[in-house]
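Geometric and topological summary
Here is what each chain is made of, one letter per residue.
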Amino acid sequence: MSANALPAEFQLLTPYLAWALPTERERTHRRLNASMEEMKAFYEAAMPQVEAIVDYLDKGGVQPVPESNRPLMNLALALVEISNIVELYKRADRFDGMHPSRFVSYE
Amino acid sequence: MTKTLMTDKRWAAKYPWLGTGPVATESCISPDYFERERTLIFRRSWLNVGRVDEIPERGQYFVRELAVCHTSILIMRGKDGKIRGFHNVCAHRGNRLVPHERGQCPGKLMCNFHFWTFDTEGKLSWVPDEENFHGLDKSKLGLTPVRTDIWEGFIFVNLDDAGTESLEDYLDGVGKQLNGAPFGKLSRLRTFKVDERANWKVAIDAQNEIYHLPFQHRFTFPDAFVLKDNRYTRLFDVNLYKRHSVWSCEYNPDYKVSPLGALLGRLDRLKDPPRFTQMIGDFDFFLVFPNMVILLFKGAAWDFVVTYNFWPLAVDHTIWEIRYYYPPADNAGTRLNQEYGLCRLRDTLQEDAKAHEAIHAGLRSRAKRELQLQDDEICIRYFHKVVDDHAGLLEAAE
Ligand code: FES
Ligand SMILES: [Fe+2]
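For every chain, the first residue of the written sequence is number 1, and numbering continues from 1 onward in sequence order. Written order determines the labels here, with chains lettered from A and ligands numbered from 1. Local features in this predicted model are restricted to residues of pLDDT 70 or higher, and side-chain atom pairs are both shown and tallied only at a pLDDT of 80 or more, whereas totals for entire chains, interfaces and linings draw on every residue. To obtain the side-chain values, all non-hydrogen atoms of the structure were included, while hydrogens and water were left out.

Structural notes on the coordination of the iron ion (ligand 2)
Tetrahedral metal sites with four donors have an ideal angle of 109.5 degrees; octahedral sites with six donors have ideal angles of 90 or 180 degrees. Residues and elements named next belong to chain B. Selection criterion: Each metal site lists N, O and S donors within 2.8 Å (3.2 Å for Na, K and Ca). With water left out of the atoms, a site can look as if it is missing ligands. Angle rules define the geometry names used: all angles between 85 and 135 degrees makes four donors tetrahedral, while opposite donors over 155 degrees apart and all other angles between 65 and 115 make four donors square planar and six octahedral, leaving every other case irregular. To qualify as a helix, a DSSP run of H or I must reach at least 4 residues; to qualify as a strand, a run of E must reach at least 2; elements of each kind are numbered from the N terminus. Using a 1.4 Å probe on the protein chains alone, a residue whose accessible area is under 20% of its type maximum counts as buried, one over 50% counts as exposed, and one in between counts as partly exposed.
Around the iron ion (ligand 2), the donor atoms from the protein are His212 (NE2), His217 (NE2), Asp352 (OD) and Asp352 (OD), and they sit 2.0 to 2.6 Å away. In this structure, the iron ion (ligand 2) is surrounded by four donor atoms whose angles at the metal cover 54 to 157°, and the resulting shape is irregular. One chain supplies every donor for the iron ion (ligand 2), spaced along it as H-x4-H-x134-D. Of this pair, His212 sits in the loop between α4 (200-207) and α5 (213-216) while Asp352 is found in helix α7 (residues 332-364), placing the two residues 140 residues apart along the sequence. For His212, a relative accessible area of 14% puts it in the buried group. With relative accessibility at 3%, the residue Asp352 sits in the buried group.

See the structure below:
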């Protein structure tokens, strides 16, 4: 398995691998540049896998997450990042807040 | 079953001496008043500048720019394990000693101008070409210490060398309420820094009430807390201390978490979850005067903490620092659930931050010169009174 690949069990999610970004800053940036359709498609593909993803990640441990599991963990974190848009706000541009680029995050 | 009373105007009845009239806004936009705050508040109060877990090892240090106090502070854990604070200023000709944000001192800190060298306890240990100075007394030329003390892992400094109030006395009711709380069982998952064009008090005020929740946060968190008639917020409790305050809410039992939030809640299997039994409600908002907020959240499985530090740069310019502290996740469900809560709250704080600037611009226009405060906004009223008690009342400017 290459450094940026998902385990065989989660090949279905490979089309969304570009979301597997290691920092919140990068995940937010990607969210801000994604269309609603793209986020919905990612959400619908990933949501049914969440339980299996968590079980898989737990087998490798998370303190820290081993290198080979990082793409999967980062993909799951990106699902979290977009979930509010899909589940609650329903619009990619609903946001009535300060532009997130001014909310500078540090891991 | 919630215990929040739905009666109106409870807090004015609890604190009748505070009054109920409007609050003047000139202090939020006056450059003169800001200079008074600088001298009479920030240079005389205990200010939270970090946590002990930022420098767990001997010789580790961090630097905190305190622009509002016109200084830069070096916090260092000495070889003896003790944490000390110093002005980050070289004893030779005043150069900034440490030019970066944090680091590990190999035993000595060296100024990059002429290599004067200080040990981890701030003593001047080496001066190049010392023989060519005219009677230099190295023992008197250590770094200038700053009063530094620690409460529950939070490091505070006080720039008033003549001050005698201990940190413990200063923290007063906040300390009494939260002493022994398991802050040390949490670790920082994320920090946000927001550079905003707003007065520091405007930014604090916008956070220091829950009234706006169903309105400003109508998409993000409209009904997270108990509501009267399913419409308006009601506080569970309010406590005013010598300078500080806390308001508390209960969660709305009818609140529905989103599908992913519900799923991650079920998959969150943290062992030994820390609990903050010191909490008053399900959500407590402690304002530690002048510029720190400690938010305590009761969670389904574990409790967590968010802190704010508001650092004024000018009357209309503030850095808002936000830090999320969670129990270290020992499983993936907990880790993702934490990120879920973090993103959800972050989005509401971005709404708040936008409001800080919009409100400041509104006040700056002087179209209105007063805040009208309802009963649940009592902590804003108290905060402005404490500011005025320190910095003095301001006559309305033309
Ligand atoms: S100013 Fe620091 S060594 Fe000269
Ligand atoms: Fe808010």
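That covers the picture; the talk isn't over yet.
Examining the packing of helix α4 (residues 70-89) of chain A against helix α6 (residues 259-267) of chain B
Worth spelling out the cut-off: Lines fitted to C-alpha atoms define the axes, with helix axes restricted to the stretch in contact, and inter-axis angles between N-to-C directions lie between 0 and 180 degrees. Throughout this description, any angle smaller than 35 degrees is read as roughly parallel, any larger than 145 degrees as roughly antiparallel, any in the 65 to 115 degree range as roughly perpendicular, and the remainder as oblique. Any pair of residues with heavy atoms lying within 4.5 Å of one another is described as a contacting pair. Side-chain classes follow a simple rule in which Ala, Val, Leu, Ile, Met, Phe, Trp, Tyr, Cys and Pro form the nonpolar group, Asp, Glu, Lys and Arg form the charged group, and the remainder, Gly included, forms the polar group.
Between α4(A) and α6(B), the shortest axis-to-axis distance is 9 Å and the interhelical angle comes to 140°. Comparing their axes, α6(B) and α4(A) come out oblique. Only B:Pro259, B:Leu260, B:Gly261 and B:Leu264 of α6(B) make contact with α4(A), whose side of the interface consists of A:Leu79, A:Val80, A:Ser83 and A:Glu87. Across the contact of α4(A) with α6(B), the residue classes tally to five nonpolar, two polar and one charged.

Some thoughts on the interface of chain B and chain A
The criterion, for reference: Once two parts are joined, some of their accessible surface, as seen by a 1.4 Å probe, is lost; buried area is that loss totalled over both. The salt bridge criterion pairs a side-chain nitrogen of Lys or Arg with a carboxyl oxygen of Asp or Glu, the two atoms within 4 Å. Side-chain atoms alone can form a polar contact between residues adjacent in sequence; in general such a contact is a pair of N or O atoms within 3.5 Å, and within protein one must be able to donate a hydrogen while the other accepts it.
With 44 residues of chain B at the interface, the matching set in chain A holds 37 residues. Between chain B and chain A, roughly 3500 Å² of surface is buried when both sides are summed, and carbon and sulfur atoms account for 59% of that area. It is B:Leu260, B:Leu336 and B:Gln350 that lose the most area in chain B upon contact with chain A, and together they represent 17% of the buried surface on that side. Here chain B is connected to chain A by 10 salt bridges. With a shortest N-O distance of 3.3 Å, A:Glu107 and B:Arg190 are connected by a salt bridge. Our count for the contact surface shared by chain B and chain A stands at 17 residue pairs in polar contact (both at pLDDT 80 or more). Top contributing element to the side of chain B that touches chain A by residue count: α7(B), with 17 residues.

Thoughts on the packing of aromatic side chains
All names here are of chain B. For clarity, the cut-off: Stacked, edge-to-face and tilted are the three classes for Phe, Tyr and Trp ring pairs, Trp counted by its six-membered ring, which pair at centre distances within 6.5 Å; planes under 30 degrees apart are stacked, over 60 edge-to-face, the rest tilted. By definition here, charges over rings are those cases where NZ of Lys or CZ of Arg is within 6 Å of the ring centre and within 35 degrees of the ring normal.
Going through the model one piece at a time under the given rule, you end up with 32 aromatic pairs over all chains. Arranged with centres 4.8 Å apart and planes meeting at 40°, the rings of Phe283 and Phe297 form a pair that is tilted. One end of the pair, Phe283, is in strand β17 (residues 283-288); the other, Phe297, is in strand β18 (residues 292-297), with 14 residues separating them in the sequence. Like Phe297, Phe283 is buried. One residue, Arg51, lies across the ring of Phe154, its end atom 4.4 Å from the ring centre.

Considering the pattern of salt bridges
Counting across every chain of the model gives 39 salt bridges over all chains. For the salt bridge of A:Arg27 with B:Glu339, the shortest nitrogen-to-oxygen distance reads 3.3 Å. Of this pair, A:Arg27 sits in helix α1 (residues 24-32) while B:Glu339 sits in helix α7, placing the two residues on different chains. For A:Arg27, a relative accessible area of 1% puts it in the buried group. Given a relative accessible area of 0%, B:Glu339 falls into the buried group. A salt bridge links B:Asp330 to B:Lys271, with the shortest nitrogen-to-oxygen separation between them at 3.9 Å. Placement of B:Asp330 in the loop between β20 (317-326) and α7 and of B:Lys271 in the loop between α6 and β17 is noted, with a sequence separation of 59 residues between them.

A word on the side chain of B:Asp282
Residue and element names in this part refer to chain B. For clarity, the threshold we go by: Positive charges come from Lys and Arg alone, negative charges from Asp and Glu alone, with His and the N- and C-terminal ends not counted.
Here Asp282 is to be found in the loop between α6 and β17. No salt bridge is formed by the buried Asp282, whose closest oppositely charged neighbour, Lys298, lies at an N-O distance of 5.1 Å. At a separation of 2.6 Å, a polar atom in the side chain of Asp282 contacts the main-chain amide nitrogen of Tyr251. The contact partners of Asp282, leaving out residues within four places of it in the chain, are Cys249, Glu250, Tyr251, Leu296, Phe297 and Lys298.

Remarks on the domain arrangement of chain B
Residue and element names in this part refer to chain B. Rules: Domain start and end points were adopted from an automatic or database domain assignment.
Domain annotation of chain B identifies domain 1 (10-42 + 173-397) and domain 2 (47-162). Averaged C-alpha coordinates put domain 1 and domain 2 at centres separated by 32 Å. Contacts between domain 1 and domain 2 engage 26 residues on the former and 16 residues on the latter. A combined buried area of about 1700 Å² lies between domain 1 and domain 2, and 60% of that area is made up of carbon and sulfur atoms.

As for the nonpolar core
Residue and element names in this part refer to chain B. This is how it is decided: Residues enter a nonpolar core if they are buried and are Ala, Val, Leu, Ile, Met, Phe, Trp, Tyr or Cys, with the set joined through side-chain atoms within 4.5 Å.
Trp151, Phe183, Tyr308 and Ile322 are the most contacted members of the largest nonpolar core, which has 93 residues in total. It is helix α8 (residues 378-391) that contributes the most residues to this core, seven residues altogether. Lining this core are residues from two domains, each supplying at least three of them: domain 1 (10-42 + 173-397) and domain 2 (47-162). Beyond its immediate chain neighbours, meaning those up to four positions away, Phe183 contacts Arg51, Trp151, Glu152, Phe154, Leu178, Phe276, Ile294, Leu296 and Val305.

Comments concerning the sheet that holds strand β8 (residues 117-119) of chain B
All names here are of chain B. Rule in force here: Following DSSP output, two strands are said to pair if at least two bridges run between them.
In spatial order, the strands read β7-β8-β9; together these three strands make up an open sheet with antiparallel pairing. Across the chains shown, the open sheet's two edge strands, defined by having one partner strand only, are β7 (108-110) and β9 (124-126). Between one strand axis and the next, the sheet turns through 40° on average, direction left out of account. In this structure, β7 lies alongside β8, joined through three bridges in antiparallel fashion. By the bridge assignment, Leu109 is partnered in β8 with Phe118.

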